[in-house]
Amino acid sequence: MKRRSIGALALAAALLVSAVAASAGSSKPNRQQATKIVIWLQNDAESGWKEMVTSTNDAFKAKHSGVDVDVQYQGWGDHLTKFDAALAGGTAPDVIEFGNSETSRYMAAKLLQDLTAQAKSFPNSKTWLKALKDSCTYNGKLYCVPYYAGARAVIYRKDQYKAVGVKSTPKSLDQFAAAGKKLMKKYGKQRNYSALYFPGQYVWAGLSFVYDYGGKVAVSKNGKWQGTLNSPQAIKGLSRLKAIVKGLSRANKTTDEANPQQSLVFSKGRVGAFIGNGWEWPYALDEKLGNPSLKNKIGAYPMPSHIAGKFMPTFLGGSDVAVPVTSKNKALAYDWIRIFTSNSSMRKLATIGKQIPNTTSLASINAKNPQLAPFATAAKSSWFVPTAPNWVKVENARVLKTMFQAIITGRKSVAKAAKDASAQITKILNAPTT
Amino acid sequence: MSQGPGGEAGFPAMTATAAAGSAMIRRRRRPVAERAFHVLSPYLLLAPAALVIVAVLGYPLYLLTRLSFEQFGLASLITKKGTWIGLDNYSRIFQDRQFWTVLLRTFVFTAVNVGLTMVLGTLIALLLARLGRFMRLLLTTGLVLVWATPVIVAVNIFRWMVDYEFGVLNWTLTKLHVGDFLNKDWFADPTTGFAVITAIVVWGAIPFVAITLYAGLSQVPAELVEAAEIDGARRWQVFKDITFPLLLPIFVILTSLSIIWDFQVFNQIWLARGSEPEEEYWLMSVYSFVEAFKLGEYGFGAAIAVVMVGAMFLATFVYLRQMIRMGETR
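(A) Up close: the overall build of chain B. Secondary structure summary: chain B contains 14 helices and 2 strands in total. Taken over 330 residues, chain B has a buried fraction of 26%. Expressed as a percentage of contacts within chain B between residues at least 6 apart in sequence, the contacts between residues at least 24 apart total 64%.

Written as structure tokens, this is what we have:
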């Protein structure tokens with residue numbers, strides 16, 4: 001008797017569950033009315049120029065009453081994995097930020113809304129930075145809107161440089177290394193002190209050495225890609241990097257520049273210089289996380305080349321914003337982007353975030369500000385990743401991080417690490433696009 | 001059993017009048033229905049659970065297997081349609097040199113981790129059996145706390161302990177003059193890196209083994225042990241010839257479960273390497289995840305997962321057969 005009643009109970013429970021599920025399913029269509037748009041921005045905006053986001057949302061809400069804006073900040077490490085999962089699950093955002101080296105694969109797969117017809121409706125569309133506009137263009141069509149560009153420069157402790165007798169900023173890589181040596185001599189006894197803080201997986205600053213010596217990551221010949229990190233020039237650059245890091249850096253060799261945030265490590269005092277983006281300067285002075293008392297002790301200068309008087313090419317990083325094809329609120333999404341990339345927003349980005357705005361018409365803001373000028377100067381000689389649709393897979397497979405880590409920890413010789421990475425890059429870039 | 005003869009006895013009666021026959025049948029019907037209920041009731045009772053398992057496990061497994069025969073890339077995420085490519089994903093796996101490296105690494109990792117877990121777990125269980133009441137309570141509480149610690153918390157604690165700049169382990173080892181461990185990066189070399197990861201995994205797995213074995217130990221008759229000791233058996237002999245054979249079924253189950261768990265370790269590696277494990281740290285689960293979700297090769301990643309399940313079944317099967325044979329020879 002007891003057994004039977006348990007069975008009946010289980011059956012009843014099962015029926016109840018399915019009934020609840022059915023009723024939940026039927027009540028869904030009632031909530032179709034869109035009252036919220038979801039925006040995915042990278043957390044650089046959160047730590048660097050949140051005011052720009054807040055003011056955009058306020059202006060947007062004033063224009064579209066009743067529409068809520070939900071900004072969700074993402075990290076660079078996993079935002080694409082999350083985005084892919086969200087696409088499959090039908091919960092992709094209405095607007096998403098991409099790094100300018102991440103867009104090609106999504107444009108090729110037609111997962112981003114074609115904006116060619118609306119291009120002119122976005123502010124400054126005629127004067128967008130060419131490098132950013134190129135990263136939004138695929139087969140002649142526009143798939144995203146430029147957001148900002150970033151160039152890296154050396155951010156350093158003026159007081160420490162002065163204390164070891166370095167009066168003017170280094171004008172060549174040799175001078176840079178010599179200044180570092182002096183710093184190590186004076187401060188090197190402090191545990192963990194680095195004259196140049198350079199974590200082992202810092203790909204974007206590391207590759208600049210390759211380009212400085214005339215090397216490249218990959219070249220395209222007759223429609224086929226060829227990884228070229230094992231070229232003699234590239235190996236020269238990588239070897240120079242290894243020597244400099246070995247002598248000047250005590251940073252962790254198996255982490256990247258964001259874990260921990262290098263500007264915060266810098267703010268703790270045991271770093272002479274690091275290679276960073278414009279926004280990392282004010283971030284080091286952050287009241288909660290950084291050290292505001294360094295305010296008058298920080299300066300910046302473009303990283304010098306191995307050829308005296310020239311600058312080392314910097315990676316022209318940056319971001320774009322796009323609307324996934326799955327968005328159900330495209331018109332609202334476009335309008336949010338229009339406000340987000342308007343002149344007043346871009347001014348905030350430049351002055352508060354210390355970034356390079358998406359339009360050449362605002363270039364003069366940077367030139368006047370001593371805190372921005374070194375980065376703007378650095379941006380004048382720059383390099384960019386190969387424009388292959390599969391490029392982002394090279395980043396996702398962390399081929400370059402693996403290579404730099406192997407070189408800097410010394411687990412592989414420079415030649416071997418570069419050869420392995422080149423072979424992998426060739427394989428990935430020539431694989432069918434999926 | 002008593003139904004059998006009754007039925008046979010009823011058979012000749014069928015030749016009697018029709019009325020009597022039908023009465024016979026009516027009389028026999030009840031036992032048949034009852035018997036059917038007796039036979040079927042376990043299945044009926046299992047049905048809801050089985051249904052749930054099929055729904056939440058069987059269907060995804062079917063989808064996974066189907067996906068492993070498809071080319072399913074980024075664009076397919078929206079169209080929800082892959083292209084059937086037969087066994088291509090599988091032939092690609094077996095031609096991939098990386099797969100064989102990862103497979104071998106996974107087997108070695110599993111063997112080391114299961115071995116350490118079982119040995120240390122057994123030692124702690126034996127210790128528990130000999131401790132006084134208070135110390136036993138203390139140790140059991142400690143074990144339960146370890147068991148209750150979420151993986152994310154545990155991994156972060158271990159990461160802090162071996163932190164490059166501030167790690168307390170590095171500091172302690174240096175103070176003890178074991179060597180200069182300040183600024184020692186444990187993850188720079190996969191051997192020391194895997195040592196840390198193994199420590200996390202084994203540390204987390206010991207409580208379950210120790211507590212279960214302790215429960216088993218309390219069932220070993222004290223007279224048997226006493227008799228053996230009187231006969232002059234040493235402690236090791238007592239364990240080998242009395243305790244172990246008696247607890248063999250528990251050992252078999254615990255080892256099988258440990259193999260299944262350690263073969264698919266993912267979280268500890270993923271978290272210890274900051275969501276971006278180097279290739280030298282890939283085990284099967286990580287390899288499958290990276291291919292599927294980082295590189296957008298969902299079909300290929302699914303095929304790796306299927307192969308992984310197969311390899312795990314094989315490993316468990318071989319182990320179980322070995323253990324059963326061992327039991328038979330005794």
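(B) Representation of the overall build of chain A. Along its length, chain A carries 19 helices and 15 strands. With respect to the three principal axes, the spread of C-alpha positions in chain A is 85 × 55 × 50 Å. Across the 434 residues in chain A, those meeting the buried criterion constitute 47%. At a minimum sequence separation of 6, the contacts of chain A that also span at least 24 residues come to 76%.

(C) Spatial organisation of the sheet that holds strand E10 (residues 273–277) of chain A. Residues and elements named next belong to chain A. If you walk across this open sheet you meet the 3 strands as E10-E7-E11, and the pairing is antiparallel. Where the open sheet ends on each side, the last strands, each with one partner, are E10 and strand E11 (298–301). On average, adjacent strands in this sheet sit at an angle of 35 degrees to one another, irrespective of strand direction. Pairing of strand E7 (residues 152–157) with E11 involves 4 bridges; the strand directions are antiparallel. Bridging across to E11, Val-154 finds its partner in Tyr-301.

(D) Structural context of helix H10 (residues 232–248) of chain A. Residues and elements named next belong to chain A. Here H10 is 17 residues long and its end C-alpha atoms lie 24 Å apart, about the 24 Å a rise of 1.5 Å per residue gives. All of the buried residues along H10 are Ala-234, Ile-235, Gly-237, Leu-238, Leu-241, Val-245 and Leu-248. Where H10 is buried, its residues meet helix H8 (173–187), helix H9 (203–212), helix H18 (399–409) and helix H19 (414–430).

(E) Up close: the interface of chain A and chain B. Each partner contributes residues to the interface: chain A has 33 residues there, and chain B has 27 residues. Mapped by element, the contributors of at least two residues to the side of chain A that touches chain B are helix H1 (2–27), helix H4 (79–89), helix H17 (391–396) and H18 of chain A. Of the residues forming the side of chain A that touches chain B, the biggest block, 5 residues, is contributed by H1(A). A breakdown of the residues in the side of chain A that touches chain B according to their chemical character gives 9 nonpolar, 14 polar and 10 charged.

(F) Local environment of the environment of Arg191(A). Relative to the helices and strands, Arg191(A) is located in the loop between H8 and H9. Separated by 171 residues in the primary sequence, Arg191(A) and Leu362(A) have C-alpha atoms spaced 44 Å apart.

(G) The domain arrangement of chain A, seen in detail. Residue and element names in this part refer to chain A. Assigned domains of chain A: these are domain 1 (35–150 + 316–383) and domain 2 (152–315 + 387–430). Centre-to-centre separation of domain 1 and domain 2, based on C-alpha positions: 26 Å. In this assembly, 26 residues from domain 1 lie in contact with 27 residues from domain 2. Secondary structure elements with two or more residues in the side of domain 1 that touches domain 2: helix H2 (43–48), helix H5 (103–108), helix H16 (373–379) and strand E15 (382–383).

(H) Broad picture of the packing of helix H5 (residues 97–130) of chain B against helix H11 (residues 235–263) of chain B. Residue and element names in this part refer to chain B. For the pair H5 and H11, interaxial distance at closest approach is 9 Å and the crossing angle is 140 degrees. Our classification of the angle between H5 and H11 gives oblique. In this structure, the crossing between H5 and H11 has a hand that is right-handed. Where H5 abuts H11, its residues Thr-106, Phe-109, Thr-110, Asn-113, Val-114, Thr-117 and Met-118 lie against Leu-254, Thr-255, Ser-258, Ile-259, Asp-262 and Phe-263.

(I) Geometry of the sheet that holds strand E3 (residues 95–99) of chain A. Residues and elements named next belong to chain A. On the basis of which strands lie adjacent, the open sheet formed by 6 strands has the order E2-E1-E3-E13-E6-E14 and mixed pairing. On the outer flanks of this sheet lie strand E2 (68–74) and strand E14 (356–357), each paired with one strand and no other. Here strand E6 (residues 145–150) runs beside strand E13 (residues 317–322); their pairing, made up of 5 bridges, is antiparallel. Directly across from Tyr-148, in E13, lies its bridge partner Ser-319. Relative to the sheet, helix H3 (residues 50–63) contacts strand E1 (36–42) and E2, its axis offset from that of E2 by approximately 160 degrees. Contacts from helix H13 (residues 330–340) reach E1, E2, E3, E6 and E13 within the one sheet, and its direction differs from that of E1 by about 45 degrees.

(J) Examining unusual backbone geometry more closely. With an omega of 0 degrees, the peptide bond between Asn259(A) and Pro260(A) qualifies as cis. Summarising the element assignment, Pro260(A) is placed in the loop between H10 and helix H11 (262–267). The residue Ser275(B) is not glycine, and still its phi comes out positive at about 60 degrees. Residue position: Ser275(B) is located in the loop between helix H12 (267–272) and helix H13 (284–294). Looking at Ser275(B), the number of C-beta atoms within 10 Å reads 13, which means it is partly exposed.

(K) Representation of the packing of H18(A) against H19(A) within the structure. Residues and elements named next belong to chain A. Packing of H18 against H19 leaves a shortest axis separation of 9 Å and a crossing angle of 175 degrees. In this view, H18 runs roughly antiparallel relative to H19, as classed from their interaxial angle. Residues Val-399, Leu-400, Met-403, Ala-406 and Ile-407 of H18 form the contact with H19, whose own contacting residues are Val-414, Ala-417, Ala-418, Ala-421, Gln-424 and Ile-425. Tallied by class, the residues present in the contact of H18 with H19 amount to 10 nonpolar, 1 polar and no charged.

(L) Molecular detail of H8(A). All names here are of chain A. Here H8 spans 21 Å end to end across 15 residues, near enough to the 21 Å set by a 1.5 Å rise per residue. When we look at burial in H8, the residues that qualify are Leu-173, Phe-176, Ala-179, Gly-180, Leu-183 and Met-184. Angular distribution of buried residues about the axis of H8 spans 140 degrees; they occupy a single face of the element. Across from the buried face of H8, at angles greater than 90 degrees, the exposed residues are Asp-174 and Lys-185. Close packing links the buried residues of H8 with helix H7 (158–163) and H10.

(M) Molecular detail of the pairing of E6(A). Residues and elements named next belong to chain A. The buried count for E6 comes to 6 of 6 residues, which makes it a mostly enclosed element. Pairing of E6 with E14 involves 2 bridges; the strand directions are antiparallel. Considered in E14, the bridge of Ala-149 is made with Ile-356.

(N) Up close: the confidence of the model for chain A. Counting all residues, the mean pLDDT for chain A is 89, and 92% of those residues have values of 70 or more. Confidence drops under pLDDT 50 across residues 1–32 of chain A; counting only partners more than four residues distant or on other chains, this segment forms 6 contacts.

(O) Focus on the confidence of the model for chain B. All names here are of chain B. Here chain B averages 87 in pLDDT, while 90% of its residues score no lower than 70. This model gives residues 1–21 a pLDDT under 50, and the stretch forms 9 contacts once residues within four places in sequence are excluded. ipTM for the predicted complex: 0.78, alongside a pTM of 0.81.

(P) Representation of the environment of Tyr147(A) in the model. All names here are of chain A. Relative to the helices and strands, Tyr-147 is located in strand E6. Look at Tyr-147 and you get buried, because 27 C-beta atoms sit within 10 Å. Residues in contact with Tyr-147, not counting those within four places in the same chain, are Glu-97, Ser-319, Asp-320, Val-321, Thr-341 and Asn-358.

Scoring rules and cut-offs
- Residues numbered from 1 in each chain as written.
- Chains lettered and ligands numbered in written order.
- Predicted model: local features only at pLDDT ≥ 70, side-chain atom pairs only at ≥ 80, totals over all residues.
- Helix = DSSP H or I, 4+ residues; strand = E, 2+ residues; numbered from the N terminus.
- Buried ≥ 20, exposed ≤ 12 C-beta atoms within 10 Å, placed from the backbone.
- Contact = placed C-beta atoms within 7 Å.
- Pairing = 2+ DSSP bridges.
- Axes fitted to C-alpha atoms, helices over the stretch in contact; angles between N-to-C directions.
- Expected span 1.5 Å × (residues − 1).
- Nonpolar A, V, L, I, M, F, W, Y, C, P; charged D, E, K, R; others polar.
- Domains from an automatic or database assignment.
- Parallel < 35°, antiparallel > 145°, perpendicular 65-115°, else oblique.
- Left-handed = near helix turned anticlockwise from the far one by under 90°.
- Arc of directions from axis to C-beta.
- pLDDT = per-residue confidence, 0-100.

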